[in-house]
Amino acid sequence: MEKLEKKIVTNGMKKAYELNEKVSPELSAIHTKLWADGLELSPELIYLLGDGYSRKIADDRLILFNDTFLNDLSGSLGIYLEDYEENSEESFYQAIKKNSAINIAPPMISVEYPEGEYLSIVCGVFDDHTYNVISPVDKDVVRVDKTRVACRKPWYMMNSPRFIKPVFRDRSQLIKEALLRILKRRDLENTSVYRKIYETDSDKVLEKAVLEMSRKDVEDRKLFYGAMMIAEEFLEDESLKESLEEYRNLLSSMEEGFDTTQIKQLFELEDKLMDGMREVLKEESAEYDS
Amino acid sequence: MILDEYTKYHGVGSHCATTILRTLTNAAGYPFSEAMCLGLASGLGFTYQKYVGVEYYFFTGRNECLEENMVNVLGGKLLKGNSDDNDKAWSEVCYYLDRGLPVILEVDMMKLPYIREKLNLKREFHFGLHSLLLIGYDEENAYVLDYMWWKPIQVPIWQLKEARNSMDAPIRPHNRWKVMVLPEYNGEDLSETLKTAIRVNVHKYKEPYAFKMGLDGLRIFQNEFSNWFTKMPLERLQTNFYMMSALFEKVGTGGGNFRRMYGQFLDEANKILVMPKIAEAASIYTKLYRNWKQYSKMLENDSEKEFEIEDKEQLVECIRNLYSLELEGVNALATV
């Protein structure tokens, strides 16, 4: 992989992208784009606002990270998300070239890295089929060509409100709305209409998770823990503290490997945390009404 | 296979997207009017754009992402996709239909004869963002619900595929589809939901994601409009006037239609929220409806004049007043 000299990467607003080493490759492009637009969010808060949590099966696949995350995050933040999928390679390359030149919201494309395939911000077009992208793995600008660009995968542009100088809504309002939405979503998962697409039966999901859950999935659950910590702080309620500590300890114990009992405990604790949060929000709402 | 249960929630409506939202929310048990759907989808907006290769300006009175906004406030889930491959796009929507879920499709309305006939437009108007609700299909035909028709319409699949992937529209539909998965209504208090929807709408209107959109777009339009009379030859001016009046009153959301509905939404919302500022805003939007309608009528009349436009001053004055009133309306809502 050819690594370019580090340079200031700008978007239409002539702002530099900050590449945060601590952000996982999955969230790096989103984090970087939001930072460039003046919105500094921790990965845990990004996870919370986009309702990253998931525990279901679709088409025989275990889904432990929200499959509509980017869409949900954009909706939550008031971002207009453009998403495209091209069947023809040439249409893809033409579209990326054209939209990179417009230089407002940079295209975000899927790129293959030795560690996996991740969404990456295109920050320059070298030639028709070669781009400079911000690598979410190296946290640097790298040049990628046809061999690494997944041109059949969806690609995106995140258009922030007030594109010249982004203006986002009040953060605490966004968090409150996100918490309410997360709880409504959990209710939705138990409905017959949802089950037309997803399998959410706890026993079946547990059975699948025992077979397929990976260490990476456990690692991702740390984001859920972080999101719940944000929720606890936001709600100024300590009733979740004990369960949160138990959850954190359980996650630590699963880092090197795990068994059926631990996965079961993990899911049960997640339900407990959600229920706890629901109670706190209900009390808060009752207090407000009275 | 037709998802018959959705036909009983469908009725004729004012606008394609909000009619679909009403059908889908009613099917999930929500007692929402079309106006309520517009409000909960934070749908009020303004767009003023000129697309490459098109001789007229394009206007809408709506925001982007109505379905996304609606799903967000109700705690639902939106599944969506698009493709430039017609067959792949067709098989994707069949996947959901086969599971009992209707699918929202975006199409170029000019490619569907039943719409061309009904609208009876004098000029070609390839609008690629018209929404239909697909509720069934068989080997040759698709069955869709459309806002101006009471009953399901049978459309040959090949024709629907062409409309879904039309290359003639300035904004191509690109085979876009959306599936809304909504929680069932359990009689919950909607106060917070309503407030969130209003706040989101105010933010989107005041801080649009693109140039010439939202309140800024309207301000730019009212500034530029007076120059149109000197910059455009009469014929082009009249084409623009004709398209504007069509977009404002006949086929679009611009101007009157969505202002009337938003005013109605605020009235309905205020039965729950009881806030003086909302009542004030509701009356402003009702007034905006009448003023936009009047402006649109003037444009339509002028589009047919043979020699020159005589009411230039009134038109310029009218759009200036509209901008001031729009500003007043959104500022009243900013306190919610």
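Residues numbered from 1 in each chain as written. Chains lettered and ligands numbered in written order. Predicted model: local features only at pLDDT ≥ 70, side-chain atom pairs only at ≥ 80, totals over all residues. Heavy atoms only, no water.

Enquirer: Looking at this model, I keep getting lost on the overall build of chain B. Mind explaining?
Expert: Helices and strands together make up the secondary structure of chain B, namely twelve helices and eight strands. Against the compact-globule benchmark of 20 Å for 336 residues, chain B has a radius of gyration of 20 Å, which places it among compact chains. Referenced to the eigenvectors of the C-alpha coordinate spread, the extents of chain B come out at roughly 55 × 45 × 30 Å. The proportion of buried residues among the 336 residues of chain B is 64%. By sequence separation, contacts in chain B at least 24 residues apart represent 70% of the contacts at least 6 residues apart. In the structure as shown, chain B presents an accessible area of about 12,700 Å², 49% of it carried by carbon and sulfur atoms. (Helix = DSSP H or I, 4+ residues; strand = E, 2+ residues; numbered from the N terminus. Rg over C-alpha atoms; globule rule 2.2 N^0.38 Å. Buried < 20%, exposed > 50% of the residue type's maximum accessible area, 1.4 Å probe, protein only. Contact = heavy atoms within 4.5 Å. Areas by Shrake-Rupley, 256 points an atom, 1.4 Å probe, with all protein chains shown as cover.)

Enquirer: Where do I start with the packing of helix α9 (residues 234-250) of chain B against helix α11 (residues 276-303) of chain B in this structure?
Expert: Packed helices, taken two at a time, are described by the angle their axes make and the gap between the axes. Residue and element names in this part refer to chain B. Contact geometry for α9 and α11: axes closest at 8 Å, N-to-C directions at 145°. In the packing of α9 onto α11, the handedness of the crossing is left-handed. Contacts between α9 and α11 pair Gln 238, Phe 241, Tyr 242, Met 244, Ser 245, Phe 248 and Glu 249 from the former with Trp 292, Lys 293, Tyr 295, Ser 296, Leu 299, Glu 300, Asp 302 and Ser 303 from the latter. (Axes fitted to C-alpha atoms, helices over the stretch in contact; angles between N-to-C directions. Left-handed = near helix turned anticlockwise from the far one by under 90°.)

Enquirer: Just checking my understanding: could you explain the sheet that holds strand β6 (residues 141-145) of chain B for this structure?
Expert: One key point about sheets: their strands pair by backbone hydrogen bonds, in either a parallel or an antiparallel sense. Residues and elements named next belong to chain B. Sheet architecture is open: six strands sit in the order β3-β8-β4-β5-β6-β7, paired in antiparallel fashion. Where the open sheet ends on each side, the last strands, each with one partner, are β3 (77-81) and β7 (153-156). The mean inter-strand angle of the sheet, taken between neighbouring strand axes irrespective of direction, is 35°. Sheet topology places β3 next to strand β8 (residues 177-181); five bridges connect them, and they run antiparallel. Across the sheet, Lys 77 pairs through a bridge with Val 181, a residue of β8. On the sheet, helix α1 (residues 16-27) packs against β4 (103-107), β5 (130-137), β6 and β8 and is oriented at approximately 40° with respect to β5. (Pairing = 2+ DSSP bridges.)

Enquirer: Even after reading the chapter, I still don't get the packing of aromatic side chains, so can you show me in this structure?
Expert: Remark: the centre distance and the inter-plane angle together describe each pair of aromatic rings, the angle taken between the planes. One pass over the full model with this rule turns up 39 aromatic pairs over all chains. Considering the side-chain rings of Trp 292 of chain B and Tyr 295 of chain B, the 6.0 Å spacing of their centres and the 75° angle between planes classify their relative orientation as edge-to-face. In this pair, Trp 292 of chain B and Tyr 295 of chain B both sit in helix α11, three residues apart, roughly one turn of the helix. The burial state of Trp 292 of chain B is the same as that of Tyr 295 of chain B; both residues are buried. Members of the aromatic cluster, joined through ring pairs, are Phe 46, Tyr 48, Tyr 57, Phe 59, Phe 221, Phe 225, Trp 228, Phe 229, Phe 241, Phe 248, Trp 292 and Tyr 295 of chain B. When the ring centre of Tyr 198 of chain A is taken as reference, the NZ or CZ atom of Lys 56 of chain A above it lies at 4.0 Å. (Phe/Tyr/Trp six-rings, centres within 6.5 Å; stacked < 30°, edge-to-face > 60°. Lys NZ or Arg CZ within 6 Å of the ring centre and 35° of its normal.)

Enquirer: Could you clarify how one ought to interpret the interface of chain A and chain B in this entry?
Expert: How big an interface is tends to be stated in terms of the accessible area lost upon association of its parts. Tallying the contact residues gives 41 residues for chain A and 43 residues for chain B. Both sides together, the interface formed by chain A and chain B hides about 3,600 Å², and carbon and sulfur atoms give 48% of it. Our count for the chain A to chain B interface comes out at six salt bridges. Put simply, Glu 207 of chain B and Arg 162 of chain A hold a salt bridge, and the shortest N to O gap is 2.8 Å. Our enumeration of links across chain A and chain B arrives at 20 residue pairs in polar contact (both at pLDDT 80 or more). Listing elements by their share of the side of chain A that touches chain B, those giving two or more residues are α3 (69-77), β3 (80-84) and α5 (171-188) of chain A. Broken down by element, the residue count for the side of chain A that touches chain B peaks at seven residues, all from α5 of chain A. Partitioned by chemical class, the residues of the side of chain A that touches chain B number 13 nonpolar, 13 polar and 15 charged. (Buried area = accessible area lost by both parts, 1.4 Å probe. Salt bridge = Lys/Arg side-chain N within 4 Å of Asp/Glu carboxyl O. Polar contact = N/O pair within 3.5 Å; in protein donor to acceptor, adjacent residues only side chain to side chain. Nonpolar A, V, L, I, M, F, W, Y, C, P; charged D, E, K, R; others polar.)

Enquirer: How should I be thinking about the side chain of Thr 196 of chain B in this particular structure?
Expert: The topology assignment puts Thr 196 of chain B in helix α7 (residues 191-206). Its relative accessible area of 10% is what places Thr 196 of chain B among the buried residues. At a separation of 2.9 Å, a polar atom in the side chain of Thr 196 of chain B contacts the main-chain carbonyl oxygen of Glu 192 of chain B. Once residues lying within four places of it in the same chain are set aside, the contact partners of Thr 196 of chain B are Glu 177 of chain A together with Val 73 of chain B.

Enquirer: For this particular structure, what's the right way to read the pattern of salt bridges?
Expert: Any two side chains of opposite charge can pair, given that their charged atoms come close. Following the criterion strictly, the structure yields 44 salt bridges over all chains and no others. In the salt-bridge network here, residues are joined through shared partners; they are Asp 83 of chain A together with Glu 67, Glu 68, Lys 80, Arg 176 and Lys 178 of chain B.

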